[in-house]
Structure formats: structure tokens, C-alpha cells
Amino acid sequence: MAGHDVIPDKSITPLTGAHALVETLRVHGVDTVFGIPGTHNLPIYQALGQAGLRCVTPRHEQGAGYAADGYARVTGRPGVVLTTTGPGVVNAATALAQAYSDSSPVLLISTGVPTDHPRDGRGYLHESKDQTRAIGALCAASHRVGSVREIPAAVAGAFARFAEGRPRPLHIEIPADLLDARGVARVAPPYRIMPRAPDPLALDEAARRLGAAARPGIVLGGGAQRPRDAAQPVGRAVMRVAERLGARVVTTVNGKGTVPESHRLALGATLHLGAVRRWLAACDVVLAIGTELGPADLWVEDFVLGGSLIRVDVDPAQMHGDHVADVAIVADATLAAEGLRERVERRGVVPRPREERPDGPGAAMARELAVLARRWRAQTRALRLALPPDTIFVGDNSMIVYHAALMDIPVDPPGRFLFPAGYGTLGFALPAAIGAKLGCPDRPVVALAGDGAFQFTVQELAMAVQLRLSLPIVVSMNGGFGEIREEMIERGMTPLAVDLHCPDLPALADAYGARGAAVKTPAELQEAVSQALRAPVPTVIAVAEDE
């Protein structure tokens, strides 16, 4: 007897593939899906509508991917993207690769050619040579299901992977013919995965080395972040350790906001400054939690630590990366940080003020930052004055962000700073800010970009307007790709293909149904941002950049 004709128990019901998918998403807590309807995925949209899930429509699938990423970073829940076959998948690929680089839990669900199609270039609509392998090369895994019955298991498996280990993006491809087909499918419920506990002996050794260190240093990365958690348990435990040891704490870009940057021992997200790298290299013991310590964090490829390295990471592969751990703690960051705090305090290490330790990079760091951020410091000060402490900042790969705002705007929990590190895409800020605002509607969210990056995804203004989001979008105007222009000049080149025409952004915002403002002074910027926070629609604020 055929399997689809038999119902073994009441919990197993004949379902269409589309309903099996949507019901499994629903029981896993998904309430928002970012995507664009297409010919192949219409049954999924029909099931989404019947289930009452919110469907957010960007104007390009890359925008869907960035929005889902922003949503995931602020909520801690996977962001879900839905595309049609072929071009829809490829359009989302860049955003998925960025989520992979930043360890963001994004689930891309796409349709594919039918199960019986040979996939050998016979002209099927949206056919790709090998869609699964293409997207699988950019994310943690790509899986093509083969039956209706397999769909719930594939979705549940993806959520389980997000909960265990490093939460990198995943892709599930569902052949188009399975969406309307009926089959026996048990909707797989979520199950609890306990966080990985640290090795007590490794914690003992780490605490011993930290307690004996003369020049300890601490580095926190994105793996130490706890989305939507004002308490930030990792940061709280780490600061207790830092205060006992008199140790300075620096974060990577993705670790920004893990600890209060107003704290006397906090160096902020300054790991890429030369003065901070020199200080870190001179530390006799370094505790690194949830960070690769990679070139994208350090801005150099030849960085060498002079002391011993204690690494805490849920990904065991990190223990033998560019910087091999002397003490390896493969564990959940919160459990490891709490374990270290208990042991350091139990060892009776007396809290030592900073003055009893050799001076850190403070003065040299401040001088270096002043040079890097000089052009934008008036703007960043205006933003600090205009925005509440719990603001979620979303930055693009623009000079005003990585040369100024990341270091010059201190963030204390529960504030956050989202940035496309590592992979370094352009166009992230606006759609990711939309996702962040949908994930945390009661928090102020601001997007910050240069005019070149902003134009990569400017069409997503339409999505923000349609959603009626109160969203300041600050655009620093430097006439194109300013960083590349400067690199060309440093090479002795005449700048080529980097000076871009930029439309009248306030007028463009008005055409989209948003608000627009052009400002020249810090006072005007502060007032424009304050007004934008109260506006019922997004506001594009074009800021003249200082020379």
C-alpha cells in the first residue's frame, strides 16, 4: 500500500507541500516572512495568507535577505526569506553570503524545478544549472527536499542547526510540483537544545592564567552578543572579570554593545586601530570570546599575539584558526563567561583599579581616532545628542560608519550596532534597518550610509513607506565611492569610475512617499533626526560631508 494512502496516527495528516512548510514555520515561532511572490511559489503565499503570517515585500530579493538578517540580529530568531526559483535565489545570494560571514541565522526557502525535471538546460522557466550547489557554496548548507513528507523535517532540522553551534544561514529548496501535491507529513515541533557546557578543567586553567597575568586583555566578538537582552549576560560576567583583573576590554564591530562602552575599562569597537592592536599584542594573556580575530576585525593580515590566548567559542574550528588557542573552551559564551567569573572571584583575586596596571592604548588610540574620524565627528556628535540610549544603529560599509560612527558613538546595552563586517557588502543599512524595526518596533532604529552605498538598495524606501515605519535614514554625501577614490589617490592613480551622480535625495524620498531633508550643520542634523523619530514614515536626511 502506498505510503501516502496510510495515516498511522492522528498527528499525521495529508497536507500539501505548501501547507506542510508554512505550518512547520508557524510552530517554530515564525510570524514574519520576507520575500517576493513568483509563479512557482504562489501555493506558499496562499498558505501564508491562510495561516495569518506577515508577508513583507521588498523591491528586490537582496533587500529581503538584508531585512531578514537585520530582523535576526535584533530578535535572536531566524529571519526567513522566501523566493521563487532561479533569479529570485540568485538575487538573495549576496545577502545570504553576508549573513554567513556574520553568523546570522537566516533561512532562505526557495522553489526549484520539479522533481522529475532532468535539470540539464531544457528551458524550464527560471531553470538554473544547479541552484542547490550554487547557493550552497555561499551558506552553511543547501538542501533540496524530495517529497512532501521531507519538508517538515528539513525545516525543523534547520531550526535545530540554528540553535546548536554557530548560527549561519541555510537554504531549503522545494521542487515546485511538491507545493500543491498532497502527502502524509507530520509537522515537526521544535525541541529544546541545551547550550554546550564548558570543560571545567579548561575553565580552571583559564582562570589561573588570567589571575596570574601582569598585562591581561579581553576581546569580545559577535559570538558574545545576546540579541534583545538588555542584561547581556556575557558582557556582565566579563566586566566582573575585567574589574577584578584591571583588564581592558575591546570588541570587534559585531561585538559592539556587548559591554557598556561608557565603562572605564571599555575600549569600544576599536580593534582595528593600530594603537589597540599594539596594546593587544603586548598583553601577556588574552581572553577572546566569540571572535575569529580575523583580518576583517583587525584590518591587517599579519597580526601576532605576544602572549597566551584563551579562546571561548561554540565553533571548535576556531580553536585552530589564524590564532591557535593555548586554552580552548568550546562552549556557549554565557556559560563559559559565568564559569570564568566564578573561578576568578573564587581564587580571591582582589579587584585592582586600572591605575595598578600598565597603561593601555588610551592616549594613542584617541589621537588615531581623531585623525580617522575628523571629517565626520560633528555629525556623529549630533547623532549622539539626537538619539536615545537604546537606539539600534544600522550602518552600511561607508566611511562615515567604519571611520567614525563605530568608534565615535558609544553604545551601552540595550543599544545595538549592526554592520556588514567580513564580507563587506554595500546596500545593507536601509533594508537591514527595516528588518530591525519590524523585529523591535518599540525601539528607535536609525540607518547610516554613504551616498554610494545607499544607492545599492535605495528602492527599499518603498518597502519602508508601505510599512509606515518611523525610520531616520542618514546619508553622508561624498559624491560616490569615497574610500576607493582615496585608495586610488594613494596608489598615484587618477580617480576613475568612482565619482557618481547622486539624485536629489530629499526629492526622491518625497517621490516614494517618505520625507526628505538636506542639512549642512550639526544642529540641523540633530533637529532633522529628532523630527524623523516622530514622523509616521521614513525620513531620508542628506548630510553635506565636511572636507
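Quick note: structure is the one above.
Here the structure is a predicted model, which is why all the values come from computation and not from measurement. (Residues numbered from 1 in each chain as written. Predicted model: local features only at pLDDT ≥ 70, side-chain atom pairs only at ≥ 80, totals over all residues. Heavy atoms only, no water.)

1. Looking at the sheet that holds strand β14 (residues 327–330)
So the rule is basically this: Following DSSP output, two strands are said to pair if at least two bridges run between them. Secondary structure follows DSSP: runs of H or I at least 4 residues long count as helices, runs of E at least 2 residues long count as strands, and numbering of each begins at the N terminus. Note on geometry: axes are lines fitted to C-alpha atoms, helical ones only across the stretch in contact, with angles between N-to-C directions running from 0 to 180 degrees.
Pairing is parallel in the open sheet, where 6 strands are placed in the order β11-β10-β9-β12-β13-β14. A single partner strand is all that each edge strand has here, and the edge strands are β11 (266–268) and β14. Adjacent strand axes in the sheet meet at a mean angle of 15° when their direction is disregarded. Bridge count between strand β9 (residues 216–220) and strand β10 (residues 248–251): 4 bridges; the pairing is parallel.

2. Considering the side chain of Arg277
What counts is decided by this rule: Each residue's exposure class comes from its accessible area (1.4 Å probe, protein chains only) as a fraction of the maximum for that residue type: buried when under 20%, exposed when over 50%, partly exposed otherwise. In this tally, Asp and Glu contribute negative charge and Lys and Arg positive charge; neither His nor the terminal groups of the chain are included. Every case where a carboxyl oxygen of Asp or Glu lies within 4 Å of a side-chain nitrogen of Lys or Arg is listed as a salt bridge. Distance and chemistry together define a polar contact, namely a pair of N or O atoms within 3.5 Å, with one atom able to donate a hydrogen and the other to accept it when in protein, and with adjacent residues in sequence counting only for side-chain atoms on both sides. We call two residues in contact whenever any of their non-hydrogen atoms come within 4.5 Å of each other.
Within the secondary structure, Arg277 is located in helix α9 (residues 274–282). Despite its burial, Arg277 pairs with no opposite charge; the closest candidate is Glu368, at 5.9 Å N-O. Side-chain polar atoms of Arg277 contact the backbone oxygen of His272, separated by 2.6 Å. Not counting residues up to four positions away in its chain, the partners in contact with Arg277 are Leu271, His272, Leu298, Trp299, Val300 and Phe303.

3. Some points on the pairing of strand β20 (residues 539–544)
To keep things clear, this is the line we draw: Here is how to tell: hold the view so the strands point away, follow the path from the first strand over the helix to the second, and if it runs clockwise the crossover is right-handed.
The element β20 is extensively covered by neighbouring structure, given that 5 of its 6 residues are classed as buried. Note: strand β18 (residues 472–477) against β20, 6 bridges, orientation parallel. Residue pairing in the sheet places Ser476 in a bridge with Val543 of β20. Direction of pairing for strand β19 (residues 515–519) relative to β20: parallel, over a ladder of 5 bridges. Residue pairing in the sheet places Gly516 in a bridge with Val540 of β20. Considered for its hand, the β-α-β crossover made up of β19, helix α20 (residues 522–534) and β20 is right-handed.

4. Considerations on the nonpolar core
Convention followed: Definition of nonpolar core: a set of buried residues of the types Ala, Val, Leu, Ile, Met, Phe, Trp, Tyr and Cys, connected through side-chain atoms within 4.5 Å.
Val219, Leu280, Leu383, Val474, Leu525, Val529 and Ile541 are the most contacted members of the largest nonpolar core, which totals 50 residues. Broken down by element, this core gets its largest block of residues, 8 residues, from helix α14 (residues 399–408). With residues near it in sequence (within four places) discarded, Leu383 still touches Ile409, Leu448, Val474, Leu525 and Val529. Core analysis: the next-biggest nonpolar cluster, separate from the first, contains 49 residues, Val394, Cys440, Phe454 and Ala464 among them.

Read these as layout, nothing more, since geometry by itself doesn't imply function.
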